[in-house]
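Chain and residue survey
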Amino acid sequence: MTEEEQQKAEKMASRMLNQVGISKLAKLGIYKKLILSLSIDDFNALETNKIYFNPIFSPASQNKLSFDLENGSNIITIDLNTVKLFSSEEGTAIVLHEIGHALNPDKKNIEGEYAADNYACERGFSQYIISSLEKGKLIRPAEFSTTSTELRLERIKNDN
Ligand SMILES: [Zn+2]
């Protein structure tokens, strides 16, 4: 690992609310891809906006916090049982999309989806947003077979 990667890995670890989640995300190949796809500036934006990650296991799980959270902290919940149905690239794209939401709280509905997709696409994950949505429609039709999914797919495909 380069010095910068090491620095990013430390910043990533400081955003994670539980240790089990770190090891599971690492096993799924997502943890390292997140570290590599985010810049130091991106990590600084996570810090400034008090954004944390809390990997959980559906349908319900618990974990102990190892540090205090500030009022207004923004927690991105990652369901490991769902994320593992996707490839590591798709799982990373899904998490990047969620960071995009956290950084654009003022954008609602489809505009929020587009802003979140932009965040993932700008970091090189366009094709994996597309494949995660296509796969989502097959394995989770209740959640993914929506107008929003179709609009997002059309938009990203047209941009590429
Ligand atoms: Zn979204």
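What this report covers is the structure whose coordinates are included nearby.

Conventions used here
- Every residue gets a number counted from 1 within its own chain, in the order that chain's sequence is written.
- Reporting of local features is limited, given that this is a predicted model, to residues whose pLDDT is at least 70; pairs of side-chain atoms are given and counted only at 80 or more, and all residues count toward the totals for whole chains, interfaces and linings.
- The helix count covers DSSP runs of H or I at least four residues long, the strand count covers runs of E at least two residues long, and both are numbered beginning at the N terminus.
- For a compact globule the rule gives 2.2 Å times the number of residues to the power 0.38, and the radius of gyration it is set against comes from C-alpha atoms.
- Exposure is read from a count of other C-beta atoms within 10 Å of each residue's own; the residue is exposed at 12 or fewer, buried at 20 or more and partly exposed in between. C-beta atoms are placed from the backbone.
- Lines fitted to the C-alpha atoms define the axes, with helices restricted to the stretch that makes contact. Angles between their N-to-C directions range from 0 to 180 degrees.
- Note on terminology: angles under 35 degrees are roughly parallel, angles over 145 are roughly antiparallel, angles of 65 to 115 are roughly perpendicular, and the others are oblique.
- Definitions for this section: a left-handed crossing has its near helix turned counterclockwise from the far helix by less than a right angle. A right-handed crossing has that turn clockwise.
- By definition, residues are in contact whenever their C-beta atoms, placed on the basis of the backbone, come within 7 Å of each other.
- Asp, Glu, Lys and Arg are counted as charged, while Ala, Val, Leu, Ile, Met, Phe, Trp, Tyr, Cys and Pro are counted as nonpolar; the rest, among them Gly, fall into the polar class.
- To estimate the expected span of a helix, count its residues, drop one, and scale the result by 1.5 Å.
- What the arc describes is the spread of directions from the helix axis to the C-beta atoms.

This brings us to the overall build of the protein chain. Helix and strand content of the protein chain: 10 helices and two strands. For the protein chain, the succession of helices and strands along the chain, N to C, is α-α-α-α-β-β-α-α-α-α-α-α. For the protein chain, whose C-alpha radius of gyration is 15 Å, the value lies close to the compact-globule estimate of 15 Å for 160 residues. Counting every position in the protein chain, which comprises 160 residues, the buried fraction comes to 27%.

Glancing now at the packing of helix α6 (residues 88–103) against helix α7 (residues 109–122). Running from amino to carboxyl end, α6 crosses α7 at an angle of 125°, the nearest separation of the two axes being 7 Å. Considering the angle they form, α6 stands oblique to α7. When the axes of α6 and α7 are compared, the crossing they make is right-handed. On α7, the residues touching Ala93, Leu96, His97, Glu98, Ile99, Gly100, His101 and Leu103 of α6 are Gly112, Ala115, Ala116, Asp117, Asn118, Tyr119 and Ala120. Grouping the constituent residues of the contact of α6 with α7 by class yields eight nonpolar, five polar and two charged.

Attention now moves to the environment of Lys50. Its location among the elements puts Lys50 in the loop between α4 (40–48) and β1 (51–56). Excluding anything up to four places from it in sequence, Lys50 contacts Glu70, Gly72, Ser73 and Asn74.

Moving on, we get to helix α8 (residues 126–139). Taking 1.5 Å of rise per residue, the 14 residues of α8 would be expected to cover 20 Å, and the 20 Å separating its terminal C-alpha atoms lies within 8% of that figure. By the burial criterion, the buried members of α8 are Tyr128, Ile129, Ser132, Leu133 and Gly136. In a view along the axis of α8, the buried residues occupy a sector of 140°, so they form one face of it. Elements that come into contact with the buried residues of α8 comprise α6, α7, α9 (141–144) and α10 (147–159).

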